[in-house]
Amino acid sequence: MSSLVKTSYVNGEFVAYQGSKDILENKNPSNPSEIIDYFARADEALTLQAISAAKAASKDWANSNPQFRADILNYIGCEILERRTELAQLLSREEGKIFKEALAEVERAGRSFKFYAQEALRAIGEKYNSVRNQVDIDVYTQAVGVVGVISPWNFPIAIPAWKIAPALCFGNTVVFKPAELVSSSAWALAEIISRSGLPSGVFNMLIGSGCKVGNSILHSNDVDAITFTGSEMTGRQVAEIAASRMVRVQLEMGGKNPLVILDDADLEIAVDIAIQGSFFSTGQRCTASSRVIVCSGIYEKFIKRLVEKTRALKVGDAADVNTEIGPVVDAKQLQQNLAYIQVGLHEGATLLCGGEHLHSEQGGFYFTPAIFTDVTPQMRIYREEIFGPILSVLKVNTYEEAFLAAEDTAFGLSAGIVTTSLKYAEDFKRRSSAGMVMVNLATAGVDYHVAFGGNKRSSLGAREQGTSARHFFTKLKTTYQFA
Ligand code: UN1
């Protein structure tokens, strides 16, 4: 079996497997008896080695030729795109996303690398006239140093890509800790990076637990910045540790994203947008629409059609081309979804459809998409992030009521509205406190080349993606020179 055990990537090589018994089995959520890969978990000592390697490589990489960095990022992006089918199949097997969604995610990852290949060549600063005579001022960016990248299981390749690519682009070195549940996609990405010509130590990947690997990264004095996507609870701990060490942090956490449906909406468009945002990717997106706020004039028609279409969704094996909703990621997530159904019922909401564990011969973690009505804004199902295909519908009478209901949340990642009224669309875009606002589009599913992030309890620190990523992955220097 030792030849089958995959390992972490540290200082330019995959470390030798030395017979450790701490083995991670990566399972297929559509068929949990199928083991995709075995991994030797990294411990604290190996994590510290990786951090030392990243620190040692830091100065040369920060001063490297931008064309060199661009070529490497471009190579990685091209290989991801060339191997998109195979990588998407792997992603789908380990995370449970249906192939079509997995393919879109892999493409997004490849394109992120290619985007940052170009960004490596952009202007890095500005020149100013001083208010003092004969003084020249330059304000320009420099690399931050060693960046800790901690990524979640729900986007196994796209989120690592949109963190690692800008980190490398702007001259930082990386210590990457993927979520254990999706180690195979992370390993595949590391394998591609290992052949890209990147100098040893610039990129390191550690497969292992949050307790050992994650904590070692967070507490190391040699890590200069941490970018994290995951739960709000863990995000808070990350922020506290980063604050105690006075290092910069970028957090992308939860959402309880509202989708408002006005009376003037096109019914079919509204229903499709609600289904796409709430149930696709099995609802396991921080951008998912988990609250749909519907005006009374369209309410009856909307609910009837929404339930019809939701019941028709095919839940099953992610590898089956007819499947529309794959399994949830693991048994724990399945139990959590089932528990939230009970919470909703006890709170007095009406379950119109779904919310059941769909049993299969192979024991896949299938859960039917659920719709709750008779929901009140105080209910836990309406306030807490569930991270599954469970939708709470709130009935309101006017646009203003709908808008206030949409705003009534501790989160602020994404918010959507379906309407044919320019006036309401404009008003919603202007006044929403979410970081991303969608008009006649689902709250989830964003482009790779523009700022991504939220407000309130959803996000902390500078935005991810696009040109905005520069703010987190670089620091500014201002120089004054007397001529
Ligand atoms: C998307 O909706 O396209 O963890 C992206 C998440 C987000 C990414 C969502 N950080 O779900």
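Read on for a plain summary of the structure. All figures in this text were calculated on a predicted structure; none of them were measured in a lab.

**Notes on the layout of surface pockets**
Alright, step 1. If you add up the space inside the second largest pocket, you get close to 360 Å³.
Alright, step 2. As for the second largest pocket, its lining consists of 22 residues, and the residues nearest its centre are Ala 62, Thr 141, Gln 142, Ala 143 and Phe 170.
Alright, step 3. Those elements that place two or more of their residues in the lining of the second largest pocket are α1 (44-62), α2 (66-82) and β7 (135-143).
Alright, step 4. Looking at which element gives the most residues to the lining of the second largest pocket, the answer is β7, with 4 residues.
Alright, step 5. Class assignment for the residues of the lining of the second largest pocket results in 9 nonpolar, 8 polar and 5 charged.

**Examining the site of the ligand**
Alright, step 1. In the region of the ligand, 13 residues are neighbours, and Arg 108, Asn 154, Cys 286, Thr 287 and Gly 445 sit closest.
Alright, step 2. Measuring from an oxygen atom of the ligand, one finds a side-chain N or O atom of Thr 287 at 2.5 Å.
Alright, step 3. A distance of 2.8 Å separates an oxygen atom of the ligand from a polar atom in the backbone of Gly 445.
Alright, step 4. Its residues assigned to classes, the shell around the ligand comprises 7 nonpolar, 4 polar and 2 charged.

**Re unusual backbone geometry**
Among all residues save glycine, negative phi is the norm, and among peptide bonds the norm is trans.
Alright, step 1. The backbone phi angle of Asn 11 is positive, close to 50°, even though this residue is not glycine.
Alright, step 2. When you line up the elements, Asn 11 lands in the loop between β2 (9-10) and β3 (13-14).
Alright, step 3. In this structure Asn 11 comes out as partly exposed when scored by relative accessible area, which is 39%.
Alright, step 4. One non-glycine residue with positive phi stands out, namely Lys 456, at about 50°.
Alright, step 5. Along the chain, the position of Lys 456 falls in strand β23 (residues 455-456).

**Some points on the sheet that holds β7**
Alright, step 1. An order of β6-β7-β25 is seen for the 3 strands of this open sheet, with the pairing classed as antiparallel. A single partner strand is all that each edge strand has here, and the edge strands are β6 (125-129) and β25 (474-482). Across the sheet, the axes of successive neighbouring strands diverge by a mean angle of 20°, strand direction being ignored.
Alright, step 2. Bridge analysis of β6 against β7 gives 5 bridges, and the strand direction is antiparallel. Paired with Glu 126 across the bridge in β7 is Val 139.

**Considering the pattern of salt bridges**
Alright, step 1. Taken as a whole, this structure holds 32 salt bridges when the rule is applied.
Alright, step 2. Here Arg 41 and Asp 22 are joined by a salt bridge, their closest N and O atoms 2.9 Å apart. You can see Arg 41 sitting in the loop between β5 (31-40) and α1 and its partner Asp 22 sitting in the loop between β3 and β4 (23-28), a full 19 residues away along the chain.
Alright, step 3. Given the relative accessible area of 28%, Asp 22 is considered partly exposed.
Alright, step 4. Asp 427 is the partner of Arg 430 in a salt bridge, and the nearest nitrogen-oxygen pair spans 3.8 Å. A residue pair is termed a helical-turn pair when its members lie 3 or 4 positions apart in one helix, as Arg 430 and Asp 427 do in helix α14 (residues 422-431) at 3 residues.
Alright, step 5. Classification of Arg 430 as exposed rests on a relative accessible area of 62%.
Alright, step 6. When salt bridges that share partners are traced, they join Glu 268, Asp 272, Lys 304, Arg 305, Glu 308 and Lys 309 into one network.

**Considerations on the sheet that holds β4**
Picture the strands of a sheet paired through backbone hydrogen bonds; they go either parallel or antiparallel.
Alright, step 1. Across the sheet, which stays open at both edges, the 3 strands sit in the order β1-β5-β4 with mixed pairing between neighbours. Each of the sheet's edge strands pairs with one partner strand only, and the pair in question is β1 (5-6) and β4.
Alright, step 2. Here β1 pairs with β5 via 2 bridges, running parallel. Within β5, the residue paired with Val 5 across the bridge is Tyr 38.
Alright, step 3. Sitting on the sheet, helix α6 (residues 183-194) touches β1, β4 and β5, and the angle it makes with β5 is about 45°.

**Details of the pairing of strand β9 (residues 173-177)**
Alright, step 1. Of all 5 residues that make up β9, 5 are buried, and the element is covered over most of its length.
Alright, step 2. By the alternation rule, side chains of β9 split into Thr 173, Val 175 and Lys 177 and Val 174 and Phe 176, which are all buried.
Alright, step 3. Of the pairings in the sheet, the one linking strand β8 (residues 146-150) to β9 comprises 5 bridges and is parallel in character. Following the sheet pairing, Val 149 is matched in β9 by Phe 176.
Alright, step 4. Taken together, β8, helix α5 (residues 158-169) and β9 form a β-α-β motif whose crossover is right-handed.
Alright, step 5. Pairing between β9 and strand β10 (residues 203-205): 3 bridges, direction parallel.

About the criteria used
- Residues numbered from 1 in each chain as written.
- Predicted model: local features only at pLDDT ≥ 70, side-chain atom pairs only at ≥ 80, totals over all residues.
- Heavy atoms only, no water.
- 1 Å grid on protein atoms, 1.4 Å probe; cavity = no way out; pocket = protein on both sides within 12 Å on 5 of 7 lines; lining within 4 Å.
- Points joined across faces, edges and corners; volume = space filled by probe spheres on them.
- Helix = DSSP H or I, 4+ residues; strand = E, 2+ residues; numbered from the N terminus.
- Nonpolar A, V, L, I, M, F, W, Y, C, P; charged D, E, K, R; others polar.
- Near = heavy atom within 4 Å.
- Polar contact = N/O pair within 3.5 Å; in protein donor to acceptor, adjacent residues only side chain to side chain.
- Buried < 20%, exposed > 50% of the residue type's maximum accessible area, 1.4 Å probe, protein only.
- Pairing = 2+ DSSP bridges.
- Axes fitted to C-alpha atoms, helices over the stretch in contact; angles between N-to-C directions.
- Salt bridge = Lys/Arg side-chain N within 4 Å of Asp/Glu carboxyl O.
- Contact = heavy atoms within 4.5 Å.
- Right-handed = clockwise from strand over helix to strand, strands pointing away.

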